[in-house]
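Coordinate analysis (summary)
The residues making up each chain are set out below.
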Amino acid sequence: SDEIIFFISSLKKGDFFGEMALITEYPRSANAFAKTDTILLSMTRDSLIRFKTEHPLAFGKFAFVIAKTLADRLYKVEERIKNIIKASVISAIT
């Protein structure tokens, strides 16, 4: 297989993953592996839409948490990219 497996992050109790695929309907961008026994909550796009309809206030809070998490993750990716570019520039001039 040509699949490359690499570590992105560790999650702790209460964290979540897969939100990009849930929101955009694009395929998942990563897989998750548990180191220990784990209890997961799975949400489909249909259940997300039903949640929005049936519990709009709770959905607003839920959407804010997802937005903040995505923003935090984007910031971390930007920092990684900046560090890669810096390292590349340094190695090019040395």
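In what follows, the accompanying structure is described. Being a predicted model, the structure only gives us computed values, none of them experimental. (Residues numbered from 1 in each chain as written. Predicted model: local features only at pLDDT ≥ 70, side-chain atom pairs only at ≥ 80, totals over all residues. Heavy atoms only, no water.)

**Considerations on the side chain of Glu 19**
This is how the line gets drawn: Strands here are runs of E lasting at least two residues and helices are runs of H or I lasting at least four, both read from the DSSP assignment and numbered beginning at the N terminus. Note on definitions: a residue-residue contact is assigned when non-hydrogen atoms from the two residues lie within 4.5 Å.
Mapped onto the fold, Glu 19 is located in helix α1 (residues 19–24). Excluding residues within four positions of it along the chain, Glu 19 makes contact with Ile 66, Leu 70 and Arg 73.

**Regarding the pattern of salt bridges**
The line we're drawing: Any carboxyl oxygen of Asp or Glu that lies within 4 Å of a side-chain nitrogen of Lys or Arg is treated as forming a salt bridge with it. Burial classification: accessible surface area is computed with a 1.4 Å probe over protein chains only, and a residue below 20% of its type maximum counts as buried, one above 50% as exposed, and the rest as partly exposed.
Evaluated as defined, the whole model comprises five salt bridges. Note that Lys 12 is salt-bridged to Asp 15, the shortest N-O span being 3.5 Å. Accessibility expressed as a relative area gives 33% for Asp 15, which makes it partly exposed. Salt-bridge contacts for Arg 73 lead to Glu 19; the nearest nitrogen and oxygen are separated by 2.5 Å.

**Details of the packing of aromatic side chains**
Spelled out, the test is: For Phe, Tyr and Trp, where Trp contributes only its six-membered ring, two rings pair if their centres lie within 6.5 Å, and the inter-plane angle classes them as stacked under 30 degrees, edge-to-face over 60, or tilted in between.
This structure, assessed with the given rule, holds three aromatic pairs. Between Phe 51 and Phe 59 the ring centres are 6.0 Å apart and the planes differ by 70 degrees, which places this aromatic pair in the edge-to-face class. Accessibility expressed as a relative area gives 22% for Phe 51, which makes it partly exposed. The exposure class of Phe 59 is buried, given its relative accessible area of 18%. Centre to centre, the rings of Phe 51 and Phe 62 are 5.6 Å apart; their planes meet at 90 degrees, and the pair counts as edge-to-face. In this pair, Phe 51 is assigned in helix α2 (residues 45–54) and Phe 62 in helix α3 (residues 56–93), connecting sequence segments 11 residues apart.

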